[in-house]
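# Summary of the model geometry
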Amino acid sequence: MHIKRDIVEYAQRMEKTGLVVGTAGNVSAKVGNIMYITPSALPYSEMTEADILEVDLTTNAVVAGKRKPSSETPMHSNIYKHNASIKAIVHTHSTYATMFACAHMPIPFVHYAAADIGTEIAVAPYARYGSEQLAINAVNTLGDNNGVLLANHGVIAVGETLKDAFRRAETIEEVARLAYGSYLLNSVKPLSEKDLADALEGFKTYVSG
Ligand SMILES: [Zn+2]
């Protein structure tokens, strides 16, 4: 099944592109009522299709796979339940975006590319990793956006495909890096409401290359 192969590919790409270090982060995708998710504590370079777990979204029970599912399984599952159009989730601890998460600061939209995420990249209140409370906080703060920060923790990016979710995880990190530089230059100039609305309109028909 392609979905498992794709999850392994994007999980490995997440490490190769520096969005995570070590075994941090996780990747999942949904088909019907089944969530496919990366295992806990397995180095990405060693990961194969056989390591991907299958979780029933109604019961949260593992229905196939021998490994322990990612510790953030409740968060992934809650996000899929919150919005049926979300079919893929990439969770990273990418450095610049996580700096904003640690500072409890939303990432200002200093670059038009941020419109791919929606109207804001807000910070969900802190709760212990892997907890039900973190799952609730993430969903509440995500709203209708395609990405959210987790206070003192990391980044969530979502999409209808793994390709979309991964591109957004990269975009969040890139915009965070640009925003960080803007703060250093003492001149943070987010897009105006009108310009953001205009960019959002453009992203509605955006087809990634
Ligand atoms: Zn994490």
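Here the structure is a predicted model, which is why all the values come from computation and not from measurement.

On to helix α5 (residues 162–184), then. If you check α5, its first and last C-alpha atoms are 33 Å apart, about what 23 residues at 1.5 Å a residue would give, namely 33 Å. Two residues or fewer after α5 comes Asn-186, characterised by a positive phi angle close to 55°.

The subject of this paragraph is the coordination of the zinc ion. Donor atoms from the polypeptide that coordinate the zinc ion comprise His-91 (NE2), His-93 (NE2) and His-153 (NE2), at 2.1 Å from the metal. With a relative accessible area of 1%, His-91 lands in the buried category.

Next up on the list: the pattern of salt bridges. Opposite charge on two side chains allows them to pair when their charged atoms are near. By the definition in use, this model includes nine salt bridges. Arg-5 serves as the salt-bridge partner of Asp-6, at 3.4 Å between the closest nitrogen and oxygen. For Asp-6, a relative accessible area of 22% corresponds to the partly exposed category. Its salt-bridge partner being Asp-116, residue Arg-167 comes within 2.9 Å of it at the nearest N-O pair.

This paragraph deals with the sheet that holds strand β2 (residues 34–37). Whether parallel or antiparallel, the strands of a sheet pair through hydrogen bonds between backbone atoms. Judged by pairing direction, the sheet is mixed, and its eight strands sit side by side in the order β4-β3-β2-β1-β5-β8-β7-β6 without closing on themselves. At either margin of the open sheet sits one strand with a lone partner, and together these are β4 (62–64) and β6 (123–124). By the bridge criterion, four bridges tie strand β1 (residues 26–31) to β2 in an arrangement that is antiparallel. Note that in β2 the partner of Lys-30 across the bridge is Met-35.

Scanning the model with the defined rule gives four aromatic pairs in all. Considering the side-chain rings of Tyr-10 and Phe-166, the 5.4 Å spacing of their centres and the 50° angle between planes classify their relative orientation as tilted. Taken together, the residues Tyr-10 in helix α1 (residues 2–16) and Phe-166 in helix α5 connect sequence positions 156 residues apart. The same class applies to Tyr-10 and to Phe-166, which are both buried. The interplanar angle of 70° and the centroid separation of 5.4 Å between the aromatic rings of Tyr-96 and Tyr-180 together place this pair among those described as edge-to-face. Highlighted residues: Tyr-96 in helix α3 (residues 95–102) and Tyr-180 in helix α5, separated in sequence by 84 residues. For Tyr-96, a relative accessible area of 25% corresponds to the partly exposed category. Using a relative accessible area of 34% as the deciding quantity, one classes Tyr-180 as partly exposed. The ring of Phe-166 carries Arg-13 above its face, with NZ or CZ at 5.7 Å from the centroid.

Another point: α3. Restricting attention to buried positions, one finds in α3 the residues Ala-97, Thr-98, Phe-100 and Ala-101. Around the axis of α3, the buried residues are gathered within 150° of arc, so they sit on the same side. Where α3 is buried, its residues touch β6, β7 (147–150), β8 (154–159) and α5. Just downstream of α3 lies His-104, where phi reads positive at about 55°.

Calculation rules
Residues numbered from 1 in each chain as written. Predicted model: local features only at pLDDT ≥ 70, side-chain atom pairs only at ≥ 80, totals over all residues. Heavy atoms only, no water. Helix = DSSP H or I, 4+ residues; strand = E, 2+ residues; numbered from the N terminus. Expected span 1.5 Å × (residues − 1). Donors = N, O, S within 2.8 Å, 3.2 Å for Na, K, Ca; no water. Buried < 20%, exposed > 50% of the residue type's maximum accessible area, 1.4 Å probe, protein only. Salt bridge = Lys/Arg side-chain N within 4 Å of Asp/Glu carboxyl O. Pairing = 2+ DSSP bridges. Phe/Tyr/Trp six-rings, centres within 6.5 Å; stacked < 30°, edge-to-face > 60°. Lys NZ or Arg CZ within 6 Å of the ring centre and 35° of its normal. Arc of directions from axis to C-beta. Contact = heavy atoms within 4.5 Å.

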